[in-house]
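# Architecture and fold: a report
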Amino acid sequence: QVQLVESGGGLVQPGGSLRLSCAASGNIFSFGAMGWYRQAPGKERELVASITIGGSRGGRTNYADSAMGRFTISTDNAKNTVSLQMNSLKPEDTAVYYCNAHGRYVSVDYWGQGTQVTVSS
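Below or above, wherever it landed, is the structure these notes cover. (Residues numbered from 1 in each chain as written. Predicted model: local features only at pLDDT ≥ 70, side-chain atom pairs only at ≥ 80, totals over all residues. Heavy atoms only, no water.)

## Thoughts on the sheet that holds strand β3 (residues 18-24)
Across the sheet, which stays open at both edges, the four strands sit in the order β1-β3-β8-β7 with antiparallel pairing between neighbours. Edge positions in the sheet fall to β1 (4-7) and β7 (71-76), since each of these pairs with one other strand and no more. Each neighbouring strand pair of the sheet contributes to a mean axis angle of 15 degrees, computed without reference to strand direction. Of the strand pairs in this sheet, β3 and strand β8 (residues 81-86) are connected by six bridges, and their pairing is antiparallel. Among the inter-strand pairings, L18 is bridged to a residue of β8, identified as M86. (Pairing = 2+ DSSP bridges. Helix = DSSP H or I, 4+ residues; strand = E, 2+ residues; numbered from the N terminus. Axes fitted to C-alpha atoms, helices over the stretch in contact; angles between N-to-C directions.)

## Digging into unusual backbone geometry
Although it is not a glycine, N80 adopts a positive phi angle of roughly 55 degrees. Assignment of secondary structure puts N80 in the loop between β7 and β8. Look at S88: it is not a glycine, yet its phi comes out positive at around 50 degrees. Mapped onto the elements of the fold, S88 is located in the loop between β8 and β9 (95-103). Given a relative accessible area of 41%, S88 falls into the partly exposed group. (Buried < 20%, exposed > 50% of the residue type's maximum accessible area, 1.4 Å probe, protein only.)

## Some details on the side chain of S50
Here S50 shows up in strand β5 (residues 46-52). Taking relative accessible area as the criterion, S50 reaches 19% and is therefore assigned buried. In this view, S50 contacts M34, G35, R60, T61, N62 and I73; residues no more than four positions away in its chain are not counted. (Contact = heavy atoms within 4.5 Å.)

## A closer look at the state of the cysteines
Enumeration over the complete set of coordinates arrives at one disulfide. A disulfide bridge connects C22 with C99, and the sulfur atoms are separated by 2.1 Å. Measuring handedness by torsion sign, the sulfur bridge of C22 and C99 sits at about -80 degrees and is left-handed. Residue C22 is found in strand β3, and its partner C99 is found in strand β9; the two are separated by 77 residues along the sequence. Residue classification places C99 among the buried positions, given a relative accessible area of 0%. (Disulfide = S-S within 2.5 Å.)

## What to know about the nonpolar core
Formed by 29 residues in total, the largest nonpolar core has its most connected members in M34, W36, L84, M86 and Y97. Excluding residues that lie within four positions of it along the chain, M34 makes contacts with L4, C22, I28, A49, S50, I51, I53, I73, V82, C99, N100 and A101. (Core = buried A, V, L, I, M, F, W, Y, C linked by side-chain atoms within 4.5 Å.)

Have a look at this one:
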């Protein structure tokens, strides 16, 4: 069973930074892509950032407009993790952030349990 475990959430002041990490139970090359989604109370879940895994197209990133220029997604292949570096955080970034992984050869999705990010003074 694939497990994704997020960490790094917490409370930060506006303008501050957080780094979220998602550890996969297996080799991340089992996945074609990984990403971070977020959902704020009363709002729909949205894609924040994604990254393709391995191959000639590995490392290709995609960002929501709201995240572009402030957030950076990356992988650590040795540790089977994907991270989201979040800088210049705004109150509107407050949400539960979920790690997602897409199967590399099979069209399946895996989700982490979510980690709370709160941006407030």
